[in-house]
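# Survey of secondary and tertiary structure
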2 protein chains.
Amino acid sequence: MRIAVDAMGGDNAPGEIVSGAIESVEFLDEGDEVLLIGPKEKLESDFRELKKYKGVIRVVDAPDVIGMDEPPIESLRKKVKSSIAVMAKLAKLGQADAVISAGNTGACVAAFQMRMRNLPGVNRPGIAVVFPTFEGPVTICDVGANIVCKPINLYQYAVMSTLYSKHILGIEEPRVGLMSIGQEDAKGNEIVKKARELIKSDEKLNFVGNIEGRDIFNGVCDVAICDGFVGNVVLKLTEGLVDGLFKAIKHELMGEKVRLAMKFKPVIKRIYKKHDYNEYGGAPLLGVNGTALICHGSSVSRTIKNAINTSRDYYVKKVNDKIMDYLTSSIVKDGG
Amino acid sequence: MRIAVDAMGGDNAPGEIVSGAIESVEFLDEGDEVLLIGPKEKLESDFRELKKYKGVIRVVDAPDVIGMDEPPIESLRKKVKSSIAVMAKLAKLGQADAVISAGNTGACVAAFQMRMRNLPGVNRPGIAVVFPTFEGPVTICDVGANIVCKPINLYQYAVMSTLYSKHILGIEEPRVGLMSIGQEDAKGNEIVKKARELIKSDEKLNFVGNIEGRDIFNGVCDVAICDGFVGNVVLKLTEGLVDGLFKAIKHELMGEKVRLAMKFKPVIKRIYKKHDYNEYGGAPLLGVNGTALICHGSSVSRTIKNAINTSRDYYVKKVNDKIMDYLTSSIVKDGG
């Protein structure tokens with residue numbers, strides 16, 4: 001299998017990305033190859049250790065870079081030789097079986113959708129992020145690929161996330177919750193109400209009904225479905241709040257005796273470790289015809305290594321075939 | 001001023017509500033009266049100490065109660081003598097200058113809107129919740145009154161929350177952020193993009209542009225505007241996450257020596273205290289023609305006492321007059 005990794009994507013590129021690719025070598029199978037996409041000359045001269053991995057890691061030239069804050073569509077149009085554009089093209093041409101980037105999320109979504117197209121049966125892809133909660137991993141979809149969702153999109157996110165949660169996270173019958181503002185059937189906007197009916201009508205899904213914001217963290221569901229606007233707010237709010245709380249704890253501890261503060265450090269570290277998104281590597285763009293993982297902008301080598309591992313798992317377990325089989329035979333179809 | 005308090009609203013009613021009313025007596029002015037709305041006979045026999053406050057606290061009979069999880073509209077129709085319905089009617093008749101409830105939020109919003117009507121110039125009321133963040137209080141509006149917002153609603157929430165933040169929280173020129181999924185102008189759905197133009201066009205507002213979920217907690221704004229669906233998810237997610245994190249810390253500390261755990265207790269308590277929503281008492285339903293505060297379902301006596309205090313502040317400082325003056329003279333009008 002050939003796994004294309006965006007060497008220039010993210011706040012810690014290319015150093016952490018290259019390191020992640022190198023770290024992944026230990027678990028690659030024979031015949032597997034990691035393609036590092038970026039300015040070839042520069043990468044090969046800056047990271048001479050890459051020579052050692054000939055036949056396993058190969059640099060594919062992409063001289064341009066799309067910045068983290070550049071407008072996605074415009075920059076894709078201008079920078080046809082950017083790492084994101086090049087890796088999407090490789091996937092399209094069948095020269096890469098998976099694409100992984102910690103770069104500009106909007107540009108990734110646009111390029112991957114445009115080049116890889118949707119899986120048969122899928123109307124719109126969605127990004128699924130795994131939240132490491134205190135009650136276990138919760139998969140949230142969509143977190144930003146599709147900000148104006150139709151009911152059918154939300155239904156398909158429920159299906160795709162269920163299959164992801166089952167086959168990649170190993171959760172037997174993932175409980176699916178639909179994000180709303182109250183548990184009653186009547187709550188939510190029209191889109192959510194219609195999506196609820198669609199999801200409910202599919203008896204193969206383990207649907208637990210509407211959930212509220214707090215339910216993501218209290219163990220009532222394994223999968224949480226929402227539109228990309230709400231999901232993106234949820235994702236970033238959670239990051240901001242967790243950072244803020246740990247900062248506050250640190251600040252309060254500073255006012256304490258140094259010895260006490262030091263004793264508390266391992267406690268905080270343990271909590272952090274249990275809820276570290278880097279463990280999950282990247283967020284799959286579910287519904288595209290290929291294996292695409294989008295990583296956090298602040299990804300470190302371990303994130304990339306784990307993403308490479310996840311992409312192998314996704315590919316080997318044929319999650320896309322399962323999605324396709326499910327959706328093409330589902331009785332729930334787009335009602336408009 | 002007459003302040004109607006729903007004696008039967010919330011998980012800790014009527015005990016904590018009655019206590020809150022009694023605790024508020026210390027700061028009431030001459031002529032102020034707290035009306036406790038609920039089943040008169042039962043309240044007066046269960047809380048005999050109320051006799052001592054004759055002339056300051058008066059029980060107004062409302063034999064019915066709307067449960068926390070009952071469908072709002074239906075239950076209001078059936079239970080015309082519920083505490084929520086009765087207090088809304090008192091406000092309508094001019095027999096109460098403020099209404100406060102920790103009961104069924106949906107029923108409160110519906111009853112208050114229906115009976116009190118909107119302030120001149122206001123299209124739709126919104127609930128504004130004050131988040132006690134590490135960087136200071138942030139007012140978020142709407143958190144659930146209006147789940148399908150028009151751009152004009154979001155603009156008016158920006159105006160009303162600004163005036164609330166300024167006059168009640170004492171923030172001189174509140175910085176207004178519009179909740180979206182990226183800082184660039186082009187990000188967000190169509191409603192948000194149009195709202196952005198409206199807010200931007202009003203130079204009297206201190207608009208800082210789009211904000212993301214994380215920005216609520218990192219000090220970039222004093223006011224955050226969003227539709228009621230997103231706001232409700234934000235509110236409940238924050239509650240759930242904070243609870244979850246503190247539980248996790250507690251859990252980890254349990255694995256430590258008891259003495260260490262005990263030493264950490266005051267640290268956690270200090271953090272809790274600094275970020276305690278009970279301090280702010282209740283969330284105003286901004287835009288109704290009256291003073292209406294909706295309190296958290298788990299309100300305790302201190303919450304109610306603080307809400308009574310806030311309602312006095314709101315009333316005395318004539319926040320509604322300021323909203324009305326601003327919006328009736330604003331150049332930004334409903335474009336459809």
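Residues numbered from 1 in each chain as written. Chains lettered and ligands numbered in written order. Predicted model: local features only at pLDDT ≥ 70, side-chain atom pairs only at ≥ 80, totals over all residues.

### Describing the packing of helix α1 (residues 15–24) of chain B against helix α10 (residues 301–316) of chain B
Residue and element names in this part refer to chain B. As a reminder of what qualifies: Only the stretch in contact is used when a helix axis is fitted, and all axes are lines through C-alpha atoms; the angle between N-to-C directions ranges over 0 to 180 degrees. Numbering of helices and strands runs from the N terminus, with a helix taken as a DSSP run of H or I at least four residues long and a strand as a DSSP run of E at least two residues long. To sort the angles, those under 35 degrees are grouped as roughly parallel, those over 145 as roughly antiparallel, those from 65 to 115 as roughly perpendicular, and the leftovers as oblique. Two helices that cross are described as forming a left-handed crossing if the nearer one is turned anticlockwise from the farther one by less than a right angle, and a right-handed crossing if clockwise. It is the C-beta atoms, placed from the backbone, that decide contacts: two residues are in contact if theirs lie within 7 Å. For this classification, Asp, Glu, Lys and Arg are treated as charged, while Ala, Val, Leu, Ile, Met, Phe, Trp, Tyr, Cys and Pro are nonpolar and the rest, including Gly, are polar.
The geometry of α1 relative to α10 is characterised by a closest axis approach of 7 Å and an angle of 45° between their N-to-C directions. In terms of axis orientation, α1 runs oblique to α10. Handedness of the α1/α10 crossing: right-handed. Of α10, the residues touching α1 (which contributes Glu16, Ile17, Ser19, Gly20, Ala21, Glu23 and Ser24) are Ser301, Arg302, Thr303, Ile304, Lys305, Ile308 and Asn309. Within the contact of α1 with α10, the residues separate by chemical class into four nonpolar, six polar and four charged.

### Section: the sheet that holds strand β11 (residues 291–294) of chain A
Residues and elements named next belong to chain A. This is how the line gets drawn: The criterion for strand pairing is that DSSP finds at least two bridges linking the strands in question.
Here we have eleven strands laid out as an open sheet, ordered β3-β2-β1-β4-β11-β10-β5-β6-β9-β7-β8, and mixed in their pairing. The open sheet terminates on both sides in strands that have one partner only, identified here as β3 (57–61) and β8 (206–211). Shown here is a sheet whose adjacent strand axes are inclined to one another by a mean of 25°, direction ignored. In this sheet, β3 lies alongside strand β2 (residues 33–38) in parallel orientation, the contact comprising five bridges. Of the residues in β3, the one forming a bridge with leucine 35 is arginine 58. Across the sheet, helix α6 (residues 151–167) is in contact with β5 (126–133), β6 (136–141), β7 (175–179), β9 (223–225) and β10 (283–286); its angle to β9 comes to roughly 165°.

### What about the interface of chain A and chain B?
With 45 residues of chain A at the contact, the number on the chain B side is 45 residues. Where the side of chain A that touches chain B is concerned, the elements lending two or more residues are α8 (228–254) and α9 (258–274) of chain A. When residues in the side of chain A that touches chain B are grouped by element, the largest group, 20 residues, is from α8 of chain A. Across the side of chain A that touches chain B, the residue classes break down as 25 nonpolar, nine polar and eleven charged.

### What about helix α11 (residues 319–329) of chain A?
Residues and elements named next belong to chain A. For the record, the criterion: Each residue is classed by its C-beta neighbour count within 10 Å, where at least 20 other C-beta atoms makes it buried, 12 or fewer makes it exposed, and intermediate counts make it partly exposed; the C-beta atoms are placed from backbone geometry. The reported arc concerns the directions from the helix axis to the C-beta atoms and nothing else.
Among the residues of α11, those classed as buried are Val319, Asn320, Ile323 and Leu327. Buried residues of α11, seen end-on, are gathered within an arc of 95° and therefore sit on one face of the element. α11 presents Asp321, Thr328 and Ser329 as exposed residues on the side facing more than 90 degrees away from its buried surface. On its buried face, α11 sits against α6 and α10 (301–316).

### Describing the sheet that holds strand β1 (residues 2–6) of chain B
Residue and element names in this part refer to chain B. If you walk across this open sheet you meet the eleven strands as β3-β2-β1-β4-β11-β10-β5-β6-β9-β7-β8, and the pairing is mixed. Two strands lie at the open edges of the sheet, namely β3 (57–61) and β8 (206–211), each paired on one side alone. Sheet twist, expressed as the mean angle between neighbouring strand axes with direction ignored, is 25°. Pairing geometry for strand β6 (residues 136–141) and strand β9 (residues 223–225), over three bridges, is parallel. When the bridges of β9 are listed, threonine 139 appears paired with valine 223. On the sheet, helix α6 (residues 151–167) packs against β5 (126–133), β6, β7 (175–179), β9 and β10 (283–286) and is oriented at approximately 165° with respect to β9. On the sheet, α10 packs against β1, β2 (33–38), β4 (98–101), β10 and β11 (291–294) and is oriented at approximately 155° with respect to β11.

Function-wise, these values are silent; they only describe arrangement.
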